[in-house]
Amino acid sequence: MTDAPTTRGRAGLVAAVAAPGVLVAAAGLFHPRALAPSTAPLWWQLHVVLLPLFPLLAVAVWVLLRGERGPLARAARVAAYVYAAFYTALDVLAGIGAGYLVDRAQGGSQEALDLRVLGNDLGMVGSWAFLVATALTGVVLVRRHGRGALPGAVVLVGGAANFLHGHVYWPSGGLAVLAIGVGCGLLAAAAHPAAVARSSPA
């Protein structure tokens, strides 16, 4: 018979690690395709909303790795942190900063373009770091939990790979972030009961 607290703990863990990807994907539905005077207010205001959401993708990785030791797990945590730092720079510079400049000026400006270029460059560092973090996390959890964790690892890494260039633009970027959430949830669902108990909030 399945222990009820363990079942609730597993369901809570699945929801917790899947939620960031789902929330970011949902926010991406409102992301303008291009930055222009008419879209600038929504552009920068949406990135303010995304500011606390993007780092939660790294938190989901850290939660999945709770209790895991060894060089791969440590490297995955560091890579997830690098993602959170550098992707936040993209959000602030290319999202909030550039959008706000275009909104205030009601037209394009070299400064806004420069902010977008710099932000995109820093964001690419973060995106690659997240891909590394997800790949290492997948290896660690498949080794720990066996073949049952393989589908989640594949979905998570596939989503992270498409996130490299898709940002949160629908359909490619939005589906990529959604896949990240689904992959995290599948990995949490594949965890052994002892690992669920270890990872679940008290």
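Rules used throughout
- Residues numbered from 1 in each chain as written.
- Predicted model: local features only at pLDDT ≥ 70, side-chain atom pairs only at ≥ 80, totals over all residues.
- Heavy atoms only, no water.
- Phe/Tyr/Trp six-rings, centres within 6.5 Å; stacked < 30°, edge-to-face > 60°.
- Helix = DSSP H or I, 4+ residues; strand = E, 2+ residues; numbered from the N terminus.
- Buried < 20%, exposed > 50% of the residue type's maximum accessible area, 1.4 Å probe, protein only.
- UniProt positions renumbered as here; feature names shortened; annotations may be inferred.

## Details of the packing of aromatic side chains
- Under the criterion given, the structure shown has seven aromatic pairs.
- Note on Trp44 and Tyr100: the rings are 5.2 Å apart at their centroids and 90° apart in plane angle, and the pair reads as edge-to-face. Residue Trp44 is located in helix H2 (residues 40-50), and its partner Tyr100 is located in helix H4 (residues 71-105); the two are separated by 56 residues in the primary sequence.
- Of the residues examined, Tyr100 reaches a relative accessible area of 36% and is grouped as partly exposed.
- Taken together, a centroid distance of 5.0 Å and an interplanar angle of 35° make the contact between Tyr87 and Phe163 tilted. You can see Tyr87 sitting in helix H4 and its partner Phe163 sitting in helix H6 (residues 150-166), a full 76 residues away along the chain.
- With a relative accessible area of 2%, Tyr87 lands in the buried category.
- Cluster of aromatic residues (ring-pair linked, three or more members): Phe54, Tyr83, Tyr87, Phe130 and Phe163.

## Some remarks on the UniProt feature "transmembrane region" (unreviewed entry) in the protein
- Per the UniProt record, "transmembrane region" (unreviewed entry) is annotated on residues 12-30, 42-66, 78-102, 122-142, 149-170 and 176-197.
- Strand forms 0% of residues 78-102 and helix 100%; the C-alpha atoms that close the span are 35 Å apart.
- Segment residues 149-170 splits into 77% helix and 0% strand. End C-alpha atoms: 28 Å apart.

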